[in-house]
Amino acid sequence: MSLRNEPDSWQLSSTEHYLPISHQGTTAGFLKEEYAAEITKLLNDETMLKKALKLACIDLVKQSGGDPSQVKVMIKKYLKMVEIPKYGTKAIAILLKERQQELDLGEREFVKFCDSFKLLPSELSKIYAGGNIDDSFISPLSRILGVSKSRLFEIRDGSEEREI
C-alpha cells in the first residue's frame, strides 16, 4: 500500500483454486476446481459423440456405395437436424415446451394456462406447427414465457445466420 492509501498495482484477490484445462497438450484456459472435472467430462463426451457420428456416416456411405467425400456433408446435415433453433417460430415453440415442463403441466393444462393469458388454443397449435406469429400474440407470449416483448420480436424475426 502506498503512503496515500492507494491500492497497490498487484494484489491477491481470491483464495479460489483454478485448474488448467488443456486440449491435446495445449492449455486452453482455467476452471474453478469445483467445475473442472464435470466440464472436461462433457467436452470429452462431445468429442466422442462427434467421432461416433463420423464413423456412422462413413459406414452409411460405404454400405450405400457412395462417395467418401459425402461424409462431411452428411455430418453437417445430421448436426443441422438436431440443432436447436435460435430464431423463428420453432424457437418460440421450444420456449413454450420448456415453460410447460417448468410448470409441470400436461398438454390440456398448459393449453388452459396459455388461454388464461389470451393465447388462443388455435394460435398455440399454429405456433407448434411452425406458422407465423401475429404481433397481437407477442404480449401474451411475453407474459407466458417471462421474456420481454422486444426479446420475443428478436427471436421471432431473427435469422439463423445471426448470433444471439
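Residues numbered from 1 in each chain as written. Predicted model: local features only at pLDDT ≥ 70, side-chain atom pairs only at ≥ 80, totals over all residues. Heavy atoms only, no water.

**A closer look at the pattern of salt bridges**
To keep things clear, this is the line we draw: Every case where a carboxyl oxygen of Asp or Glu lies within 4 Å of a side-chain nitrogen of Lys or Arg is listed as a salt bridge. Only runs of H or I of at least four residues qualify as helices and only runs of E of at least two qualify as strands under DSSP, and these elements are numbered from the N terminus.
Summed over the entire model, instances satisfying the criterion amount to eight salt bridges. For glutamate 83, the salt bridge is made with lysine 80, and the minimal N-O distance between the two is 3.7 Å. The residue arginine 151 makes a salt bridge to glutamate 154 at a minimum N-O spacing of 3.0 Å. Of the two residues, arginine 151 and glutamate 154 both sit in helix α7 (residues 149–157), three residues apart, roughly one turn of that helix. One continuous salt-bridge network, built from bridges that share partners, spans Asp135, Arg156 and Asp157.

**Quick word on the environment of proline 140**
The criterion, for reference: Working definition: with a 1.4 Å probe on protein chains only, accessible area under 20% of the residue-type maximum means buried, over 50% means exposed, and in between means partly exposed. We call two residues in contact whenever any of their non-hydrogen atoms come within 4.5 Å of each other.
Looking at the element boundaries, proline 140 is found in helix α6 (residues 138–145). Assessed through its relative accessible area of 4%, proline 140 is described here as buried. Placed 26 residues apart in sequence, proline 140 and cysteine 114 show a C-alpha to C-alpha distance of 7.9 Å. Setting aside anything within four residues of it in sequence, one finds proline 140 in contact with Phe117, Lys118 and Leu119.

**What to know about helix α5 (residues 121–128)**
For clarity, the cut-off: Working note: the arc is built from the helix axis to C-beta atom directions.
Among all positions in α5, only Glu123, Leu124 and Ile127 are buried. Projected down its long axis, α5 carries its buried residues within an arc of 100°, all on one side. The inward-facing, buried residues of α5 contact α3 (89–103), α4 (107–116) and α6. One or two positions beyond α5, positive phi appears at glycine 130, with a value near 90°.

**Here we look at the packing of α3 against α4**
Test applied: Lines fitted to C-alpha atoms define the axes here, with helix axes fitted over just the stretch in contact, and angles between the N-to-C directions of these axes take values from 0 to 180 degrees. These descriptions rest on fixed angle ranges, namely under 35 degrees for roughly parallel, over 145 for roughly antiparallel, 65 to 115 for roughly perpendicular, and the rest for oblique. Think of it as three bins: nonpolar holds Ala, Val, Leu, Ile, Met, Phe, Trp, Tyr, Cys and Pro, charged holds Asp, Glu, Lys and Arg, and polar takes everything else, Gly as well.
Relative to each other, α3 and α4 sit at 110°, their axes nearing to 11 Å. Taken together, α3 and α4 sit at an angle that is classed as roughly perpendicular. In contact with Leu96, Lys97, Arg99, Gln100 and Leu103 of α3, α4 contributes Glu107, Phe110 and Phe113. Residue classes in the contact of α3 with α4 are distributed as four nonpolar, one polar and three charged.

**A closer look at the packing of aromatic side chains**
What counts here: Under the pairing criterion, centres of Phe, Tyr and Trp rings, with the six-membered ring standing for Trp, must be within 6.5 Å; the plane angle then separates stacked pairs below 30 degrees from edge-to-face pairs above 60, leaving the rest tilted. The criterion for a charge sitting over a ring is simple: Lys NZ or Arg CZ within 6 Å of the ring centre, and within 35 degrees of the ring normal.
Under the counting rule described, the total for this entry stands at two aromatic pairs. Pairing phenylalanine 110 with phenylalanine 113 gives two aromatic rings, centres 6.0 Å apart and planes at 25°, and the pair type is stacked. Here phenylalanine 110 pairs with phenylalanine 113, and both are found in helix α4, just three residues apart, close to one helical turn. One exposure class covers both phenylalanine 110 and phenylalanine 113, and it is buried. Ring pairs connect the aromatic residues Phe110, Phe113 and Phe117, which therefore count as one cluster. It is lysine 77 that lies over the ring of tyrosine 78; its NZ or CZ is 5.4 Å from the centre.

**Some thoughts on a nonpolar patch on the surface**
As a reminder, the rule being used: Only residues whose relative accessible area exceeds 30% and that take part in no salt bridge are eligible for patches, with like-charged residues grouped when within 9 Å of each other and nonpolar side chains (Val, Leu, Ile, Met, Phe, Trp, Tyr) grouped when within 5 Å. A 1.4 Å probe and the Shrake-Rupley method give the accessible areas. Residues count as covered only by the protein chains that appear here.
Among the surface-exposed residues, Tyr35, Ile39 and Leu43 lie close enough to one another that they form a single nonpolar patch of about 260 Å² accessible area. Residue tyrosine 35 is classed as partly exposed on the basis of its relative accessible area, which comes to 43%.

**A word on the pairing of strand β1 (residues 18–23)**
Short version of the rule: Strands are labelled as partners when DSSP assigns at least two bridges between them.
Across six bridges, the pairing between β1 and strand β2 (residues 26–32) is antiparallel. Its bridge partner lying in β2, isoleucine 21 is registered against glycine 29. From the end of β1 to the start of β2, which pair antiparallel, there are two residues, and glutamine 24 there has a positive phi angle of about 55°.

**A few points about the environment of glutamate 34**
Spelled out, the test is: Polar contacts, as counted here, are pairs of nitrogen or oxygen atoms within 3.5 Å of one another; within protein the pair requires one atom able to donate a hydrogen and one able to accept it, and residues that are adjacent in sequence qualify only if both atoms are side-chain atoms.
Structurally, the position occupied by glutamate 34 is in helix α1 (residues 33–64). Linking glutamate 34 and histidine 17, residues 17 residues apart in sequence, is a C-alpha distance of 8.8 Å. Polar contacts involving the side chain of glutamate 34 include one to the side chain of tyrosine 35, which spans 3.2 Å.

Spatial relationships are all this shows, so hold off on functional conclusions.
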